[in-house]
Amino acid sequence: KKLYGVDGWGAPYFSVNCSGNVSVHPSGAETLPHQEIDLMKVVRKASDPKSVGGLGLQLPLIVRFPDVLRNRLHSLQAAFDYSIRSCGYGAHYQGVYPVKCNQDRYVVEDIVEFGVPFRFGLEAGSKPELLLAMSCLTRGSPEAFLVCNGYKDEEYVSLALMARKLDLNTVIVLEQEEELDTVVEASRALGVRPVIGLRAKLRTKHSGHFGSTSGEKGKFGLSTTEILTVAKKLQRMEMLDCLQLLHFHIGSQIPTTSLLADGVGEAAQIYCELARLGANMRVIDIGGGLGIDYDGSHSGGSDMSVGYSLNEYAAAVVQAIQKACDRKYVRHPVICSESGRALVSHHSVLVFEAISSTSSLDSVPLGLDLAYLVEGLGDEARADCRNLMAAAMRGDCDTCLLYVEQLKRRCVDQFKDGALDLEHLAAVDGLCELVAKAMYASEPVRTFHVNLSLFTSIPDFWAIGQLFPIMPIHRLEQRPAVNGVLSDLTCDSDGKIDRFIGGRPSLPLHDFSGHNGGAGGYYLGMFLGGAYQEALGGMHNLFGGPSVVRVSQAGGPHCFAVTLAAPGPSCADVLRAMQHEPALMFEALKRRADECVALGESLAACLARAFDSMPYLVSARGVPVIDTTIAD
Ligand code: PLP
C-alpha cells in the first residue's frame, strides 16, 4: 500500500484488501465499508469464458464504476451546497459536465440521471457533442443548463437554438465576437430568443501546463474591449436582456485556491460590470479546472497535484463571487462550474497484463571461455581486458565501468573494421555484462512488456508527460522483488512508461515468471484515467480501444453485477476506420486460399477469426484462480 501511495491518490475509492488485491469502494470507503469490490474478481469474471456467467472479454479492460460517478457528483454538489449555506450566499450551485472529458454514452447518461435532483446539465464544445448533449438532456432536469461552448458556425448555432425550441435550457456562449452576428441572424430566422453567454479572456494566468489557454494572450474568449462591443451591440438591437451568463476557464488542474480566487474575483468584477451596463445577468460559469491529486501529495506544487479539497475549492469560489457582488450591490448569481476531470477521473480503472519481463543481464552467457576471448582481441583491447579483471578483483566499481565502456567501444570498432568475428564480439558483451552483474548489489531495472498500447490508452503520458498512478492489482501481500519499467506492444520507442508518480524512474513489481508455477498472469491497473484518455487515444499500429465492463454494487456485501460488457474493436473495426474494407479483403484472401486446394477451408476459417479478433495479444496464461470464499 505504502509502496504505491494508494492511500494518497486513491482514497476514498481504492485500497488494498486482506487478500492482497486492489479493492474498489464505489461509494467512498468511509460511507459503506462492506460494499468494496475486489478488482481481481471483476477481471476474472469479465475475462474467463469458463467461469459461471463468464464474459470472455479480452484484456486490456476498462472497468467502469457508475457508483463512483454518482459519489463524485454528490460530493461536488454537497461541497457547494455547504459553502453556499455557511456563507449565506443568495443563490444556488448548478453544475454542468463538459462531455469532452469522456463522451462515452453510459458515462454521460449516468451523469444526467444522477444529476436530476441537482439540475445538473451538460456542456458541449462541438456539433456532435451538442447532439449527444441534447438527446441525453431530454431525460435530465428541465432546468439543467445546456452550455454551448467552442467555435461555432451557422449550423452549430441553429442546432443550439433548436435545442431552446425543444425546451432545453440552452445558453450559447460567445467564444469570439463574430459569433454574435451568427446568433442574431439564426435566432431571427428561427424565431427564437437566444440566451447568450460571454466567455471572458481573463488576465489571471495559471502557470502550469494547462494554463496556456489563460491570460491576456490565451487562445479563447473575448477581451475587455470585445466584451464591451458585444454588450453595446446587443443594447442597440434591444437584445441586452438575452445576455445572461458570464463564462471563463483558466485551465485544467488549477493548483491552488489562491489562483482560483484570483480568477473568480476578476470574473465576478466583469459580471458586475455587465449587470451595471444593463445585461440581464443571472449565471457565472467558472469553467473547469477543479483538479485531482494524481500523486497523492496534496501539495499543489505541480500539474500532478492540487493543494485543496472539494470543500476548499467551493468555499474559494463562493466567497470570491460574494465579495465582488456585495461590494457592487449586485444580486448573487447562480454558480455554474464545468468540472470534468474531477467528476470522471476516478470512475474507471484500466487493467492490463504483463506478458514477459526482461533485463539486460538475462543474456549473460554461462561458461565464458576467457582464454578464447582474450586470444582473439587486439593488443589494446587485451590490455583493457586485463585492467578490467584487475579492477573487478579489487571491487573497484567505477574503474570497472570505465573499462567496460572502453573495451566495448574498442571491440565494436574492431568488428566494424572486420578485424573481430561475431563470436568474439558476443563474448566481449557477455564478459562486460557478467562484470556489471557482479558489481551491482541489486538487479538492474527490468522491462515488463505489457499487452497495451500507450498511444491508445494513456495518450497523455506520451503527449504531455502526464503521470497516472499505476500498480499491480493483486499479489500486494507479497513484497515486490524487482523494479520495472513498462514497454507496450507498439513498434515505437515512445511506447514505454519509465516515469511514475512521485518522480520515480521505475515501479516496484513482482517477479511473475514463476508465479503459480507459470500459470496466471500479472495484472496491473492504471488509475484516475477516466477523463480525456479515451477520446484522445489514437490507433497507432492499429491497436484499438480496450474492452469495457460496467460494474455496479449488487445484492449483499462485496457483491457486484456486470451491467455492460463490450469487447474492444476487432481487427476488422480498426481496419475499417482507416478506410479498408474488411469484407473485400477477406474475399480476396479467401479466393487466394481456395487456390491452395488442400488448405482452403481451414485457411478461410483462420482468416475470418483474425478479422474478428481484437488486435491485442491473446493471453496464454489465463486469469489466476483466486479466493472464492467471497460471494460474487
Ligand atoms: N470547460 C472548458 C471550456 C474547458 O476548456 C475545459 C477543459 O479544458 C473544461 C471545462 C474541463 O476542465 P476540467 O477537466 O479541468 O474540469
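Because the structure is predicted, anything quoted here is derived from the model rather than measured.

Parameters at a glance
Residues numbered from 1 in each chain as written. Predicted model: local features only at pLDDT ≥ 70, side-chain atom pairs only at ≥ 80, totals over all residues. Helix = DSSP H or I, 4+ residues; strand = E, 2+ residues; numbered from the N terminus. Buried ≥ 20, exposed ≤ 12 C-beta atoms within 10 Å, placed from the backbone. Contact = placed C-beta atoms within 7 Å. Near = placed C-beta within 6 Å. Nonpolar A, V, L, I, M, F, W, Y, C, P; charged D, E, K, R; others polar. Pairing = 2+ DSSP bridges. Expected span 1.5 Å × (residues − 1). UniProt positions renumbered as here; feature names shortened; annotations may be inferred. Arc of directions from axis to C-beta.

Before we move on, can you summarise the overall build of the protein chain with the specific residues and values?
Along the protein chain, the regular secondary structure elements total 21 helices and 21 strands. Its C-alpha atoms give the protein chain principal-axis dimensions of roughly 95 × 65 × 55 Å. Within the span of the protein chain, comprising 632 residues, buried residues form 47% of the whole. Nonlocal contacts in the protein chain, meaning residues at least 24 apart in sequence, comprise 75% of its contacts between residues at least 6 apart.

Quick rundown of the site of the ligand? Include the residues and the values.
Close to the ligand lie 15 residues, the nearest being Ser252, Gly288, Glu338, Gly340 and Arg341. Looking at the shell around the ligand residue by residue, the classes come out as five nonpolar, eight polar and two charged.

Tell me about the sheet that holds strand E1 (residues 14-16), and name the residues and values.
Taking strand neighbours across the sheet as the criterion, the three strands line up as E1-E2-E3 in an open arrangement whose pairing is antiparallel. The open sheet has two edge strands, E1 and strand E3 (37-38), and neither has a second partner. Note that strand E2 (residues 22-24) and E3 share two bridges and pair antiparallel. Its bridge partner being in E3, Ser23 is matched across the sheet by Asp38.

So what's going on with helix H10 (residues 310-327)? Which residues, and what values?
With 18 residues, H10 extends 26 Å from end C-alpha to end C-alpha; this agrees with the ideal 26 Å at 1.5 Å per step. Those residues of H10 lying buried are Tyr313, Ala314, Ala315, Ala316, Val317, Val318, Ala320, Ile321, Gln322, Ala324 and Cys325. Residues of H10 that are buried make contact with helix H3 (66-87), helix H9 (257-276), strand E11 (283-285) and strand E12 (334-336). Positive phi appears at Tyr329, one or two residues downstream of H10, with a value of about 55 degrees.

Outline the UniProt feature "modified residue: N6-(pyridoxal phosphate)lysine" (unreviewed entry) in the protein chain, supporting the account with residue identities and numerical values.
Cross-referencing UniProt, the feature "modified residue: N6-(pyridoxal phosphate)lysine" (unreviewed entry) maps to Lys100 in the present numbering. For Lys100, the position within the fold is in the loop between strand E5 (96-98) and helix H4 (105-115).

With reference to specific residues and values, describe helix H15 (residues 422-439).
Over its 18 residues, H15 extends 26 Å from the first C-alpha to the last, a length consistent with the 26 Å expected when each residue adds 1.5 Å. All of the buried residues in H15 are His424, Ala427, Val428, Leu431, Cys432 and Val435. The arc that holds every buried residue of H15, seen down its axis, measures 135 degrees, which confines them to one face. Residues of H15 that are exposed and angled more than 90 degrees away from the buried face: Leu422 and Glu423. Those residues of H15 that are buried are in contact with helix H12 (370-375), helix H13 (379-394) and helix H14 (397-416).

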